[in-house]
Amino acid sequence: MLERFAEDIARLTERLVAIDTTNPPGRGYAACAELLEETLGELGLPGTMRRVDLPGRDPRFCLRAEWGAGPRALYLHGHYDVVPAQSPGPFEPRREAGRIFGRGSADMKSGLAAMIYAIVALRDAGFTPDGRVVLQLVPDEEDGSRGGSRWLLENHLLADPGAIGMLTPEPTSGVVCNASRGAITQRVTVHGRESHVGLLHAGENAFERMLDVAAAFRRLRDEVAEHRTAHAIDPPQAGRSILLLGGVASAGSGFNVVPAQASFTLDRRPNPEEDLDAERARLAALVDRFRGDGYSIDVETLQEAFSSASPDDGPLATALSDSVAEVEGTRPAFELCPGVLETRWYARLGIPAYAYGPGLREVAHGSDE
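Residues numbered from 1 in each chain as written. Predicted model: local features only at pLDDT ≥ 70, side-chain atom pairs only at ≥ 80, totals over all residues. Heavy atoms only, no water.

Peer 1: Explain the overall build of the chain to me, please; I cannot follow it from the model alone.
Peer 2: Helix and strand content of the chain: eight helices and 17 strands. For the chain, whose C-alpha radius of gyration is 23 Å, the value lies close to the compact-globule estimate of 21 Å for 369 residues. Taken over the C-alpha atoms alone, the chain extends approximately 80 × 40 × 40 Å along its principal axes. When the 369 residues of the chain are sorted by exposure, 49% land in the buried category. Taking as baseline every contact in the chain between residues at least 6 positions apart, the subset at least 24 positions apart corresponds to 78%. By element, 52% of the accessible surface of the chain is carried by carbon and sulfur atoms, the whole surface being about 17300 Å². Of the charged side chains in the chain, 38 are positive and 54 negative, and the gap between their average positions amounts to 3 Å. (Helix = DSSP H or I, 4+ residues; strand = E, 2+ residues; numbered from the N terminus. Rg over C-alpha atoms; globule rule 2.2 N^0.38 Å. Buried < 20%, exposed > 50% of the residue type's maximum accessible area, 1.4 Å probe, protein only. Contact = heavy atoms within 4.5 Å. Areas by Shrake-Rupley, 256 points an atom, 1.4 Å probe, with all protein chains shown as cover. Lys, Arg positive; Asp, Glu negative; His and termini not counted. Charge placed at Lys NZ, Arg CZ, Asp CG, Glu CD.)

Pasting the structure below:
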């Protein structure tokens, strides 16, 4: 049934990839949303576009389209923003050996095209849904969903009371992700006092003080790594709870100047069994201990996301597994996603939510996506 739409799906994917929707900062959002709105209209699925205005940011746009009637609703949800690329090349899509290469080809513009044409294929085949299929297309997934899913949730626009489930086509390498980790991402800045290197005694070295703080966080890193999730994940080593230090770090203004400040990022990724509030408090307590010893420290929160989990044996999970088995010949494994997923916004409302989509996780965000 979908074969006759294969070229349409590929062509829409290429058109979407060619629009640079890098986030941050969120460029190209209007052009991409307009293409999606235009495509939905041409396919007989007119949608509603909502403009989201946030302080200090260009406008964001959320699209929603529905097919069918009735109180029950299955949500097909995807994001159109992508992570930054090192050059313009990834925004020039190319086909090689039956694959489309380009930024967002896996994560997740091919998924958007697949969702849209899945609805069209079912409709054109004469299928009548018992309820509605709701297509939700959003920005800002790559940096916390502030102008996308989070905004919809906070404004009571994310899901109807009749929602029976949500599917998102993240590239999952053939598995179904029924759970995802949370996230607490912070920038820790330690302050000192600047002076000429020849007057070392007059300064306070913020870099050395930062090393003290980072050493304490390393001990906490080893402690949280002892916690393992009960959810399946491959490889098993990835089941450890995570604290990454120094993804970004900086210090000082010159080699011959005592640094007045030094900073590093930390990225805490709790497993679904861990409590986000408790983990945030553990991080804050460690910083407060150093403040009590006279250290001047600022903490900026860059991202927070709660974890989520949905059953692997509920009605939607079973239907998804049956469908994959019919096409692929084998049932998919259900696993914990090692990162953060948009499923969390629906799971927070008690709606079963799953990720399954085209593409490989290991090439998403990479130069050969």
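Peer 1: It is not clear to me how the pairing of strand S13 (residues 261–269) should be interpreted in this structure. Could you clarify?
Peer 2: Remark: a regular strand shows side chains that alternate across the two faces of the sheet. Within S13, eight of the nine residues are buried, which leaves the element mostly enclosed by the surrounding structure. Bridging between strand S9 (residues 183–191) and S13 involves eight bridges; their strand directions are antiparallel. The residue bridging Arg187 from the neighbouring strand is Thr265, located in S13. Judged from the seven bridges that link them, strand S11 (residues 242–251) and S13 form a sheet pairing that is antiparallel. The residue of S13 that forms the bridge with Leu244 is Asp267. (Pairing = 2+ DSSP bridges.)

Peer 1: Is there a simple way to explain the sheet that holds S9 in this structure?
Peer 2: Hydrogen bonds between backbone groups are what pair the strands of a sheet, and the pairing can be parallel or antiparallel. Spatial ordering of the open sheet is given by S11-S13-S9-S14, a layout of four strands whose pairing is antiparallel. The outermost strands of the open sheet, each flanked by one partner alone, are S11 and strand S14 (296–305). Sheet twist, expressed as the average angle between the axes of neighbouring strands with direction ignored, equals 20 degrees. Each of S9, S11, S13 and S14 touches helix H5 (residues 206–224); the most contacted strand, S13, lies at about 10 degrees to it. Where helix H6 (residues 276–292) meets the sheet, its contacts fall on S9, S13 and S14, and the angle it forms with S14 comes to roughly 170 degrees. (Axes fitted to C-alpha atoms, helices over the stretch in contact; angles between N-to-C directions.)

Peer 1: What should I look at first to understand unusual backbone geometry in this one?
Peer 2: Keep in mind that most residues, glycine aside, have a negative phi and that most peptide bonds are trans. In this structure, the amide linkage connecting Asn23 to the following residue, Pro24, adopts the cis form with an omega of 0 degrees. Examined against the element boundaries, Pro24 turns out to sit in the loop between helix H1 (6–17) and helix H2 (29–42). One non-glycine residue, Asp140, lies in positive phi territory at about 70 degrees. Along the chain, the position of Asp140 falls in the loop between strand S6 (131–138) and helix H4 (149–154). Asp140 gets classed as buried once you look at its relative accessible area, which sits at 0%. Phi is positive for Ser173, which is not a glycine, with a value near 55 degrees. Among the secondary structure elements, Ser173 is positioned in the loop between strand S7 (163–168) and strand S8 (176–180). Judged by its relative accessible area of 30%, Ser173 is partly exposed.

Peer 1: Please clarify how the packing of H5 against H6 should be interpreted in this entry.
Peer 2: Describing two packed helices takes the angle between their axes plus the distance from one axis to the other. The geometry of H5 relative to H6 is characterised by a closest axis approach of 10 Å and an angle of 150 degrees between their N-to-C directions. Here H6 runs roughly antiparallel to H5, going by the angle between their axes. Crossing of H5 over H6 shows right-handed handedness. Here H5 contributes Asp212, Val213, Ala216, Phe217, Arg219, Leu220, Glu223 and Val224 to the contact with H6, which in turn contributes Glu279, Arg282, Leu283, Leu286, Val287, Arg289 and Phe290. (Parallel < 35°, antiparallel > 145°, perpendicular 65-115°, else oblique. Left-handed = near helix turned anticlockwise from the far one by under 90°.)

Peer 1: Looking at this structure, how should I read helix H7 (residues 315–328)?
Peer 2: If you check H7, its first and last C-alpha atoms are 20 Å apart, about what 14 residues at 1.5 Å a residue would give, namely 20 Å. All of the buried residues along H7 are Leu316, Ala317, Leu320, Ser321, Val324 and Ala325. The buried residues of H7 occupy an angular sector of 165 degrees when the element is viewed end-on, so they sit on one face. Relative to its buried face, H7 has exposed residues pointing more than 90 degrees away, namely Pro315 and Glu326. Backbone geometry just downstream of H7 places Gly329 in the positive-phi region, at approximately 90 degrees. (Expected span 1.5 Å × (residues − 1). Arc of directions from axis to C-beta.)

Peer 1: Teacher, can you tell me more about the nonpolar core here?
Peer 2: Soluble globular proteins tend to pack their nonpolar side chains together in the buried interior. Judged by nonpolar contacts, the single largest core of 41 residues is most densely connected at Tyr75, Val213, Phe217, Ile297 and Tyr346. Discounting chain neighbours no more than four positions away, the residues touching Val213 are Val188, Val190, Phe264, Leu286, Phe290, Tyr295 and Ile297. (Core = buried A, V, L, I, M, F, W, Y, C linked by side-chain atoms within 4.5 Å.)

Peer 1: When you look at the packing of aromatic side chains in this model, what are you seeing that I'm missing?
Peer 2: Aromatic ring pairs are defined here through the distance separating the ring centres and the angle between the ring planes. Considering all chains together, one arrives at eight aromatic pairs under this definition. For the pair Tyr29 and Tyr80, a centre-to-centre distance of 5.4 Å together with 85 degrees between the ring planes defines the contact as edge-to-face. Linking Tyr29 in helix H2 with Tyr80 in the loop between strand S3 (73–79) and strand S4 (94–96), this pair joins segments that are 51 residues apart in sequence. With respect to burial, Tyr29 and Tyr80 carry one shared label: buried. Judged by centre distance (5.4 Å) and plane angle (80 degrees), the rings of Phe306 and Trp345 are edge-to-face. Of this pair, Phe306 sits in the loop between S14 and strand S15 (308–309) while Trp345 is found in helix H8 (residues 343–347), placing the two residues 39 residues apart along the sequence. Given a relative accessible area of 6%, Trp345 falls into the buried group. (Phe/Tyr/Trp six-rings, centres within 6.5 Å; stacked < 30°, edge-to-face > 60°.)

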